[in-house]
Amino acid sequence: MLPDRKTFPPDFTFGVATSAYQIEGSSHGEAGPSHWDTFAATPGNIADNGNGSLACDHYHLWPQDLDLIRDGGFSAYRFSTSWARVMPDGVTVNPQALDFYDRLVDGVLERGPAPHLTCYHWELPAALSDLGGWQNRDIAGHFADYCTAIHRRIGDRVASTATLNEPWCIAWLSHFLGHHAPGLRDIRAAARAMHHVLLAHGTAIQALRGDGARNLGIVLNFETAHPANDSPGAIQAAKLQDAIYNQWFIRAVMGQGYPQAALDGLEPHLPQGWQADMEGIAQPIDWLGVNYYTRRLYAAGAGLWPQGDAVDGPLPKTQMGWEIRPEGLTEFLTRLARDHVGSLPILVTENGMSEAAGPDITADPRRIAFIGDHLRAAREAMDEGVNLRGFFYWSLLDNFEWGWGYGPRFGLVHVDYQTMARTPKASWHAFRAMLRE
Ligand code: IFM
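Within each chain, residues carry numbers counting from 1 in the order of the written sequence. pLDDT decides what is reported in this predicted model: residues at 70 or higher carry local features, side-chain atom pairs at 80 or more are listed and counted, and totals for whole chains, interfaces and linings draw on all residues regardless. Hydrogens and water molecules were not included; the side-chain quantities draw on all heavy atoms of the structure.

A.B. asks: Looking at this model, I keep getting lost on the pairing of strand E5 (residues 216–227). Mind explaining?
C.D. replies: Taken residue by residue, a regular strand's side chains alternate between the two faces of the sheet. Residue burial is assigned from relative accessible area. The probe radius is 1.4 Å, only protein chains are included, and a residue is buried under 20% of its type maximum, exposed over 50%, and partly exposed in between. Numbered from the N terminus, helices here are DSSP runs of H or I no shorter than four residues, and strands are runs of E no shorter than two. Within E5, ten of the twelve residues are buried, which leaves the element mostly enclosed by the surrounding structure. Strand pairing is assigned whenever DSSP detects at least two bridges linking the two strands. As judged from the three bridges shared by strand E4 (residues 160–165) and E5, these two strands associate in the parallel manner. Its bridge partner lying in E5, asparagine 165 is registered against valine 219. The pairing of E5 with strand E6 (residues 287–299) spans ten bridges and is classified as parallel. By the bridge assignment for E6, isoleucine 218 is matched with leucine 288.

Printed below as a string of structure tokens:
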């Protein structure tokens, strides 16, 4: 059951979220290749050897997708623009791309919801990846130029702008764990990316503010890290993962410096003189975006830093094997307010679950329960004083789930990848009933 709409303030935002590469279709509209296209070209990197070249064909079908947002009763739409579409070579603007996003934003507004822009949800132009991508300090200036180009075209009509989505994924998951493009497993590359992604955020915020942009923020992901058992090694491993995942980015953005536990392992690999960048990184922001999905258990591991192995947990799981733990959302929201952002507005910019389609593609009772439990967890954080202003479900549509390909289905709306037919699921109807109350 979803909660009663009236349990949230009237001006609380209920939205849905998507990202460009996962839905648009990167082969249309003269987009340049991104590092996801080049990563997907290596067999085995994507579960089904798929890629985002067609995805949900949102590039052509966006009017019906926006209708689904309006008809679902949502008051906001969080979408991203693709850097590789806007700047196919990383620096030169593709006018067709800006025209596309211009039409999209007008289309959202015509239907009523407020558009919320994320500038980077992972489509690094391959040309910049070839120059070292996030390992190369020059990325910060390139990124600021890209954000400014987008802002100049659609910034007058968006309700908010986020620089980056999930820097942990951009840096650690992609350069140390190797699961996402560019698929590296290299501590030096990871440390540089961990720093440069933040430098890019700070540089872009300064450029955007200089250009008159308002309501700027960043979207960070948080994942509970618990010890798998009572051993000192497991406790230590969970603490270290928490520092890398849940503290590194928010502390730097809020001017609190990098957490020592993570610095102990990463500092030797950071670019020289990194300390001088910290002030520029800690630009004032107007809101914080929080993505929350799950928790992970860690056991002591042998070998090189950071010793610690993720192990299977006992809680009910989603299609992707992620534990379902709604109270983690309350915990993160209250912790963020207490330790980092105070009364700064917070938006839950992503929360959702993947669930395989059954014989009835519209039946998703576990998803409805998941959403209801997480909305109640969010409400609890508000009762504890957190300045939470909105909740965006991930995702409007089933879509390309990165290295997992098209298997996991996160959507409120089912997508048939053969016909591109969209079919709202019971969860979409449940939201609609709630939001129409
Ligand atoms: O699909 C992703 C999204 O791109 C970023 N946040 C997590 C989602 C689910 O894995």
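A.B. asks: Help me out: how do you make sense of the layout of surface pockets in this one?
C.D. replies: Gaps left between atoms are located by rolling a probe of water-molecule size over the structure's atoms. With a 1 Å grid spanning the protein atoms alone, the term cavity applies to any set of points in which a 1.4 Å probe fits but cannot get out, the term pocket to an open set with protein on both sides within 12 Å along at least five of seven lines, and the term lining residue to any residue with an atom within 4 Å of a point. Grid points are joined across faces, edges and corners, and a volume is the space filled by probe spheres set on the points. Empty space within the largest pocket amounts to approximately 1200 Å³. Around the largest pocket, the lining is made up of 50 residues, and of these Trp168, Leu173, Leu177, His179 and Arg296 lie nearest the centre. Elements supplying a minimum of two residues to the lining of the largest pocket: helix H8 (167–175), E5, helix H10 (232–253), E6 and strand E7 (309–311). Of the residues forming the lining of the largest pocket, the biggest block, six residues, is contributed by E6. Just so you know the grouping, Ala, Val, Leu, Ile, Met, Phe, Trp, Tyr, Cys and Pro go in nonpolar, Asp, Glu, Lys and Arg go in charged, and all remaining residues, Gly too, go in polar. Tallied by class, residues from the lining of the largest pocket come to 24 nonpolar, 14 polar and twelve charged. Forming the walls of the second largest pocket are Asp11, Thr13, His116, Ser160, Asn215, Asp286, Trp287, Pro345, Ile346, Leu347 and Arg389. Considering only residue class, the lining of the second largest pocket consists of four nonpolar, four polar and three charged.

A.B. asks: What's the story with unusual backbone geometry in this structure? I'm lost.
C.D. replies: Glycine aside, residues mostly have negative phi, and peptide bonds are mostly found in the trans state. With an omega of -5°, the peptide bond between tryptophan 305 and proline 306 qualifies as cis. For the bond from tryptophan 394 to serine 395, the omega torsion is 15°, close enough to zero to count as cis. Among the secondary structure elements, serine 395 is positioned in the loop between strand E9 (388–394) and strand E10 (413–415). The residue asparagine 49 is not glycine, and still its phi comes out positive at about 55°.

A.B. asks: Hey, could you run me through the site of the ligand in this one?
C.D. replies: In the vicinity of the ligand, the contacting residues are Gln22, His121, Trp122, Asn165, Glu166, Tyr293, Trp322, Glu350, Trp394, Glu401, Trp402 and Phe410. Polar contacts, as counted here, are pairs of nitrogen or oxygen atoms within 3.5 Å of one another; within protein the pair requires one atom able to donate a hydrogen and one able to accept it, and residues that are adjacent in sequence qualify only if both atoms are side-chain atoms. Within the side chain of glutamate 350, one N or O atom sits 2.5 Å away from a nitrogen atom of the ligand. Where accessible areas are quoted, they stem from the Shrake-Rupley method and a 1.4 Å probe; at the residue level, only the protein chains shown are allowed to cover. If the ligand stood free it would expose 280 Å²; the protein chains cover 95% of that surface. The way we define it, a molecule is inside a pocket or cavity when more than half of its atoms are within 2 Å of that pocket's grid points. Counting atoms within 2 Å of the grid points, the majority share of the ligand lands in the largest pocket. Its residues placed into classes, the shell around the ligand shows six nonpolar, three polar and three charged. Note on definitions. A residue lies near a molecule or strand when any single heavy atom of the residue is within 4 Å of it.

A.B. asks: Before we go on, may I ask you to explain the nonpolar core in this structure?
C.D. replies: Here the nonpolar core consists of buried residues drawn from Ala, Val, Leu, Ile, Met, Phe, Trp, Tyr and Cys, with membership extended through side-chain atoms lying within 4.5 Å. If you look at the biggest cluster of nonpolar residues, it comprises 130 residues, and the most contacted ones within it are Trp83, Trp134, Phe143, Trp248, Leu333 and Phe431. If one sorts the elements of this core by residue count, helix H9 (residues 187–210) sits on top with eleven residues. Any two residues whose heavy atoms approach within 4.5 Å at even a single point are treated as in contact. In this structure tryptophan 248 touches Met194, Leu198, Ala243, Tyr258, Pro259, Ala262, Leu263, Leu266 and Leu270, once residues within four positions along its chain are discounted. If you look at the next biggest cluster of nonpolar residues, it comprises eleven residues, including Ala17, Val219, Trp394 and Phe410.

A.B. asks: Hey, could you run me through the UniProt feature "active site" (unreviewed entry) in the chain in this one?
C.D. replies: UniProt positions are given in the numbering used here, feature names are shortened, and annotations may be inferred rather than shown by experiment. Per the UniProt annotation, the sites labelled "active site" (unreviewed entry) are Glu350. Not counting chain neighbours up to four residues away, the residues in contact with glutamate 350 comprise Arg78, His121, Asn165, Glu166, Val290, Asn291, Tyr292, Tyr293, Phe392 and Trp394. Within the structure, the side chain of glutamate 350 is placed 3.0 Å from the side chain of arginine 78, a separation counted as a polar contact.

A.B. asks: Is there a simple way to explain H10 in this structure?
C.D. replies: Side chains three or four residues apart in an α-helix point the same way, a direct result of the helix having 3.6 residues per turn. Taking 1.5 Å as the rise per residue, H10 with 22 residues should run 32 Å; its terminal C-alpha atoms sit 31 Å apart, in good agreement. At glutamine 247, H10 shows its maximal kink, close to 50°. Of the residues trailing H10, glycine 255 is marked for its positive phi of about 75°. Working rule for helices: expected span equals 1.5 Å times residues minus one. A residue's bend is given by the angle between axes fitted to the 7 residues ending at it and the 7 residues starting at it.

A.B. asks: Which parts of the structure should I look at to understand the packing of helix H14 (residues 365–383) against helix H15 (residues 426–436)?
C.D. replies: Think of two packed helices as two axes; the pair is described by the angle between the axes and how far apart they sit. Interaxial angles span 0 to 180 degrees and are taken between N-to-C directions of axes, which are lines fitted to C-alpha atoms, for helices over the stretch in contact. The geometry of H14 relative to H15 is characterised by a closest axis approach of 9 Å and an angle of 40° between their N-to-C directions. In terms of axis orientation, H14 runs oblique to H15. In this structure, H14 contributes Arg367, Ile368, Ile371 and Leu375 to the contact, and H15 contributes Ala426, Ser427, Ala430, Phe431 and Met434. A per-class count over the contact of H14 with H15 returns seven nonpolar, one polar and one charged. Reported orientations rely on four angle classes, namely roughly parallel under 35 degrees, roughly antiparallel over 145, roughly perpendicular from 65 to 115, and oblique for the rest.

A.B. asks: Even after reading the chapter, I still don't get H9, so can you show me in this structure?
C.D. replies: Taking 1.5 Å as the rise per residue, H9 with 24 residues should run 34 Å; its terminal C-alpha atoms sit 35 Å apart, in good agreement. Positive backbone phi, at 90°, marks glycine 212, one or two positions downstream of H9.

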